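# Structural overview
Now for the letters of each chain:
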Amino acid sequence: MRFPSNEPKLGLESVSLQKVGKVHWNISPSALIEETIRRGQGTLADNGALCVKTGKFTGRSPKDKFVVKDEATADTVWWGDVNQEFSSEGYKQLFTKVQAYLQGKEVFARDVYAGADPRYRLKVRVVNTAPWPNLFVNNMFIRPEANELADFEPEWHVIAVPEFEADPEVDGTRQENFTLVNFSEKIILIGGSGYTGEIKKGIFTVMNYILPMKDVLSMHCSSNIGREGDTAVFFGLSGTGKTTLSADPDRQLIGDDEHAWSDEGVFNFEGGCYAKVIDLSPEKEPQIWNAIKHGALVENTTFEDEARHINFADTSITQNTRVAYPIHHIDGIAEPSVGGTPKNIFFLTCDAFGVLPPIAKLTPGQAMFQFISGYTAKVAGTEEGITEPVTTFSACFGEPFLPLHPTRYAEMLGERIRKHDVNVWLVNTGWTGGSYGVGNRMKLSHTRAMISAALAGKLDNVEYKTDETFGLAVPQSVPNVPAEVLSPRSTWADANAFDQTAQKLARAFEENFALYRDFANEEILAAMPKVAIIS
């Protein structure tokens, strides 16, 4: 099938893929959708969105992500469980196999940007073996203008070949799927997995390596702007509400997941949103609901009926059902995707213990402690094997994507909070009235009301009470939120059970922070929870 294409002067020879078959360059979203349907790889829903299945993998596989260790990375990368090392020789061997596999095969290539600020923008070329992942790339990254494509010279390449599987015994991978990040060759090599989030988070990892070296803080967060020009930032892992809470009809969305904070303010890495759609409804999340239309890519859902109405409640494939859509599918976005220096920062945590307050104001020391700790619960579906909330501490609310030591990012954030006198809030979007399995998930309407009050300055002069275990300043009144909701202990039927559970979480904080204690100053250490001494 022939497509109108925008072929650049520099082709795939720069990554030694000149022996592939037909290359479809930067073809239109409509053509990608048509080709996906023609190949039987996707179906149009009644709202016009393209629905696909990602195959065996419906979430990221962090244990199968590796970083190539060489002279450039040996002393800069934070090696360990997050950044598993892979030898240069092993990479070359696997890349050669992928080259051979792609010989004569049809591929889809797309040139995109990562970073809305031209000063720090990264030129990326992505090569896919199917049309629908190429649509994902078009939706999620920043799309160059047509006149920019002819002379496009990529700085990084992503080569995603889901059909190619490694031989672990020969290739040195853990299993058949893999993601290899090579900072020297500037290539991300993906095989064995069709989950598109590996592409997105691979580039995020690259930006997290490059930008701090330019004194720009990279962040796993969403961001928006109010009518008065005030910028807000929302940190949090997948499932904590970054996308949902930043999609506010009264504010302009900068982006929903990946940003940086430069000397001029905040800018988005991406040109789209990758939102969870489990139990999506127009009442709860109208902006995301309305964004799912022609051009959007919906992953791993089913249909309710022959009319092809998407069943967002069905988790038979995965609980990590997703949609990728260009950011302009949302009304009232910030154009370009940049904002000023943040006035408010929200740390979103999904507390499966059900003991953290729904909102609390943090001192700078507490902000740094919470940021380094990055406490949350991984919710079902965000990673392979996660079927119910799992308590986790993820440094900087994005540990799986940090190639540098977490304290590097924490120090940069702390400097900016102090310099600009930023308000920092801890928001629990997890459980209330009991732990997971007993209590209930915090009402989205209450969380929205609390965040709206903080943004509007309505919590500046209310009474605060200090939480006994965690030392957090908890507001005693918030407009449109019942007073009893603000006190986690009062929502539990058994106060003693609450106290014991709070101590359990406090000890977990203490144990986790042992990894960073040597890097912390007295102010940060003073922010640790009060753990009762058991005689």
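Use the structure listed above.
Report follows, based on the coordinates. In this text the structure is predicted, and so the values were computed from the model without any measurement.

Moving on, we come to helix H1 (residues 29-38). Within H1, burial applies to Ala31, Leu32, Ile33, Glu35 and Thr36. The inward-facing, buried residues of H1 abut strand E2 (42-44), strand E3 (50-52), strand E6 (107-114) and helix H3 (131-140). One or two steps after H1, the chain reaches Gly40, where phi turns positive at roughly 75°.

On to the packing of aromatic side chains, then. One pass over the structure, following the stated rule, counts 30 aromatic pairs. Judged by centre distance (6.4 Å) and plane angle (50°), the rings of Phe371 and Phe397 are tilted. Placement of Phe371 in helix H9 (residues 364-373) and of Phe397 in the loop between strand E25 (390-393) and helix H10 (406-420) is noted, with a sequence separation of 26 residues between them. Pairing Phe470 with Phe509 gives two aromatic rings, centres 6.2 Å apart and planes at 65°, and the pair type is edge-to-face. Of this pair, Phe470 sits in the loop between strand E29 (464-466) and strand E30 (473-475) while Phe509 sits in helix H13 (residues 495-513), placing them 39 residues apart in sequence. Classification of Phe470 by relative accessible area gives buried; the value is 4%. Taken together, the aromatic side chains of Phe369, Tyr375, Phe393, Phe470, Phe509, Phe513 and Tyr516 make up a single cluster linked through ring pairs.

So, on to the layout of surface pockets. Of the voids in this model, the second largest pocket is the one considered here, and its volume is about 670 Å³. Looking at the lining of the second largest pocket, the elements with two or more residues in it are helix H6 (197-210) and E25. The class makeup of the residues in the lining of the second largest pocket is 10 nonpolar, 9 polar and 12 charged.

How each quantity is defined
- Residues numbered from 1 in each chain as written.
- Predicted model: local features only at pLDDT ≥ 70, side-chain atom pairs only at ≥ 80, totals over all residues.
- Heavy atoms only, no water.
- Buried < 20%, exposed > 50% of the residue type's maximum accessible area, 1.4 Å probe, protein only.
- Helix = DSSP H or I, 4+ residues; strand = E, 2+ residues; numbered from the N terminus.
- Contact = heavy atoms within 4.5 Å.
- Phe/Tyr/Trp six-rings, centres within 6.5 Å; stacked < 30°, edge-to-face > 60°.
- 1 Å grid on protein atoms, 1.4 Å probe; cavity = no way out; pocket = protein on both sides within 12 Å on 5 of 7 lines; lining within 4 Å.
- Points joined across faces, edges and corners; volume = space filled by probe spheres on them.
- Nonpolar A, V, L, I, M, F, W, Y, C, P; charged D, E, K, R; others polar.

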